[in-house]
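Chain by chain, the residues run as shown.
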Amino acid sequence: MAASDKENSTSKPVKIDKWNGSAVKNALDDAVRTIMTSHFKYTENHGMIDKRLAMCTIACMFALTALLYDYLYPFPESRVVLATCVLSYFTTMGVLTLYTSFIERNHFLVVHQKDPAGVDPDNVFTIDSYMKRFDDMYTLVMMYKDNTTMAEREASLTKSVGCWFDENGLLVMDLFTNDVSSLHDGLLTEKKQN
């Protein structure tokens with residue numbers, strides 16, 4: 001994708017069905033991702049998603065192994081392999097459920113702020129969002145970890161989605177960017193004061 005194509009794809013206005021809470025939350029989450037990676041030029045870390053995909057792939061491989069082995073050696077002969085694959089599949093899915101519930105939680109974005117000199121370790125922003133069903137309040141939580149001092153800070157913003165979308169369901173990107181930037185800058189200002 002050429003640089004001009006990338007700019008055009010990120011500058012398209014985001015239009016959603018404003019009555020669909022999931023679409024609203026996903027559009028705002030995607031806009032935060034765009035702001036953090038394009039506006040602030042941070043590098044996105046896909047590690048959490050990669051771990052989840054690896055666990056899903058392993059679970060699918062157990063299911064595929066059971067299917068193929070049962071096809072090649074019909075049931076009475078494949079009983080041990082089927083039982084092993086089924087137990088392994090459910091164990092892997094249990095680990096995946098625990099991972100998404102307790103480690104990944106509502107984190108939808110992890111970005112790294114590179115040290116311009118390349119000497120210090122990257123600082124990390126972890127971003128969560130919450131929006132209850134049938135509610136118009138969107139909460140954005142930004143956590144910042146300074147990997148030089150190991151200090152961690154957190155800031156949050158809760159606003160009605162009506163502040164960022166017009167009557168037609170178009171996201172007013174400038175307003176949303178200002179709010180996300182204020183949240184971001186507040187965390188970095190705390191760093192300078194400490």
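Residues numbered from 1 in each chain as written. Predicted model: local features only at pLDDT ≥ 70, side-chain atom pairs only at ≥ 80, totals over all residues. Heavy atoms only, no water.

- An unreviewed UniProt entry lists the chain under the name Signal peptidase complex subunit 2, from Acanthaster planci.
- We quote the UniProt Function (unreviewed entry) comment for the chain here in full: "Component of the signal peptidase complex (SPC) which catalyzes the cleavage of N-terminal signal sequences from nascent proteins as they are translocated into the lumen of the endoplasmic reticulum. Enhances the enzymatic activity of SPC and facilitates the interactions between different components of the translocation site."
- In its Subcellular location (unreviewed entry) section, the UniProt entry covering the chain states "Endoplasmic reticulum membrane". (UniProt positions renumbered as here; feature names shortened; annotations may be inferred.)

1. A word on the nonpolar core
Turning to step 1, where the next piece is worked out: Core analysis: the biggest nonpolar cluster contains 31 residues, and Leu28, Val32, Met36, Phe125, Tyr138, Phe165 and Phe176 have the highest contact counts within it.
Turning to step 2, where the next piece is worked out: At the level of secondary structure, the elements contributing two or more residues to this core comprise helix H2 (21-39), strand E2 (107-113), strand E3 (123-130), strand E4 (137-146), strand E5 (151-160) and helix H5 (173-193).
Turning to step 3, where the next piece is worked out: Here the element with the most residues in this core is H2; it accounts for seven residues.
Turning to step 4, where the next piece is worked out: Not counting residues within four places of it along the chain, the set of residues in contact with phenylalanine 165 comprises Ile16, Val24, Ala27, Leu28, Leu170 and Leu171.
Turning to step 5, where the next piece is worked out: Judged by nonpolar contacts, the second largest core, of six residues, contains Met55, Leu96, Tyr99 and Val124. (Core = buried A, V, L, I, M, F, W, Y, C linked by side-chain atoms within 4.5 Å. Buried < 20%, exposed > 50% of the residue type's maximum accessible area, 1.4 Å probe, protein only. Helix = DSSP H or I, 4+ residues; strand = E, 2+ residues; numbered from the N terminus. Contact = heavy atoms within 4.5 Å.)

2. Considering the pattern of salt bridges
Turning to step 1, where the next piece is worked out: Per the counting criterion, the structure on display carries six salt bridges.
Turning to step 2, where the next piece is worked out: A salt bridge links lysine 25 to aspartate 29, with the nearest nitrogen and oxygen atoms 2.9 Å apart. With lysine 25 and aspartate 29 both in helix H2, this residue pair falls four residues apart, about one helical turn.
Turning to step 3, where the next piece is worked out: For arginine 33, the salt bridge goes to aspartate 30, with nearest N and O atoms at 3.6 Å. Here the residue arginine 33 and the residue aspartate 30 both occupy positions in helix H2, the gap between them amounting to three residues, near one helical turn.
Turning to step 4, where the next piece is worked out: A residue is classified by how much of its surface remains accessible, and aspartate 30, at 45% relative accessible area, is partly exposed.
Turning to step 5, where the next piece is worked out: Three or more residues joined by partner-sharing salt bridges are found here, namely Asp30, Arg33 and Glu44. (Salt bridge = Lys/Arg side-chain N within 4 Å of Asp/Glu carboxyl O.)

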